[in-house]
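Single-letter residue listing:
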Amino acid sequence: MTALLEVNGLSVEFDLKDGTVSRVINDLNFSLTAGQTLGIVGESGCGKSMTALAIMGLVPMPPGRVADGVIALAGEDLLGASESRRREVRGNDVSMIFQEPMTSLNPVYTIGDQIGETVRLHQGLSRRDARERAVDMLRAVSIPAPEKRVDEYPHQLSGGMRQRVMIAMALACQPQVLIADEPTTALDVTVQAQIFDLLKELQEQTSSAIILITHDMGAIAEMAQRVVVMYAGRKVEEALVDEMLTNPKHPYTRGLIACVPHLEAKPSEERKVLTEIPGVVPSVAELGRGGCPFAPRCAEAMDRCHDEMPPEIIAAHDHKVACWMHVMAP
């Protein structure tokens, strides 16, 4: 199928206080088709949210900048577009559900004003029609009494309802691509399930493509068809979700999957099946150095892993991995 969104060779750099430059995203590649959900997974600090900001054109400049690469929406290079064109696309063709609804929503404006602003700006609706659209969107995301809630402020809503408002705002213009950055952070498991069901239902209605950014492999298994695993600003593995979960190739991916509790284990056994990945994610100042960034934490690392960055290869049908164990395999 023809790709709706293509990210090729994306690199993002930040100037540090000591005068050095850190490459927080390094040569990232992936694509997305209409109606597909792509998961991007990894620990905090791996570059997931920065990837989303680069797609949205929201990398803070300075100190950051997109150093290289192509981001194409339906064949149009967004990085080469004018800022006015990027503003037309942002919120209309490509929308984002931000991670913290309480800080993303403006506390001094009503819910209706904040949803309505998007459609007034991008679709030229009158204030009255924008209010009606806001009510319709609140109803679409299953917020009770939308005619009342539209005039309320963010602090008057629960965390789950604020997250639904963020989804309503992001979907108000029926975007081609929806980026969901940790959409269920700090929500209880019941509300998480409701949010995921809502996203799937709305996707079926609109055929929007979704990029789901998360650290939770369980969420990936629930929502995505394809998954990209990132570590220290690089893609280390990419595959269909079922293939990734049953046959992970990279040691980091295997570590992430091993960290997920197995529900079939008895309580007395759960301590045995849970594992952890030793060490910590490299700091921003350490990114971009020679060798595989995961090598210091990898129990299977070889001398070459510390000196040279492994290239990405196709280890199996449509299963990509960047690991010297597979590059050197006969």
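The following paragraphs examine the structure supplied in this document. These figures come from a predicted structure and were not determined experimentally.

Right, let's get into unusual backbone geometry. Residues methionine 61 and proline 62 are joined by a peptide bond in cis, for which omega reads -15°. Within the secondary structure, proline 62 is located in the loop between helix H1 (48–56) and strand S4 (64–73). Proline 63 follows proline 62 through a cis peptide bond whose omega is 10°. Take proline 63: it is sitting in the loop between H1 and S4. With a phi angle near 50°, glutamine 174 is a residue other than glycine that sits in the positive phi range. At glutamate 182, a position not held by glycine, the phi torsion is positive, near 50°. With respect to the helices and strands, glutamate 182 occurs in the loop between strand S7 (177–181) and helix H8 (189–206).

Each regular strand carries side chains that alternate between the two faces of the sheet. Judged by how many residues are buried, strand S1 (residues 5–15) sits mostly within the fold: 8 of 11 residues are covered. Note that S1 and S4 share 8 bridges and pair antiparallel. Its bridge partner being in S4, serine 11 is matched across the sheet by aspartate 68. Examined bridge by bridge, S1 and strand S2 (residues 21–32) share 8 bridges and lie antiparallel to one another. Residue pairing across strands places valine 12 opposite isoleucine 25, the latter belonging to S2.

Let us look at the side chain of arginine 164. Along the chain, the position of arginine 164 falls in helix H7 (residues 159–171). Buried charge arginine 164 goes without a salt bridge, the closest partner of opposite sign being glutamate 201 at 8.1 Å. Excluding residues within four positions of it along the chain, arginine 164 makes contact with Val141, Ser142, Ile143, Gln194, Ile195 and Leu198.

The rules behind each value
- Residues numbered from 1 in each chain as written.
- Predicted model: local features only at pLDDT ≥ 70, side-chain atom pairs only at ≥ 80, totals over all residues.
- Heavy atoms only, no water.
- Helix = DSSP H or I, 4+ residues; strand = E, 2+ residues; numbered from the N terminus.
- Buried < 20%, exposed > 50% of the residue type's maximum accessible area, 1.4 Å probe, protein only.
- Pairing = 2+ DSSP bridges.
- Lys, Arg positive; Asp, Glu negative; His and termini not counted.
- Salt bridge = Lys/Arg side-chain N within 4 Å of Asp/Glu carboxyl O.
- Contact = heavy atoms within 4.5 Å.

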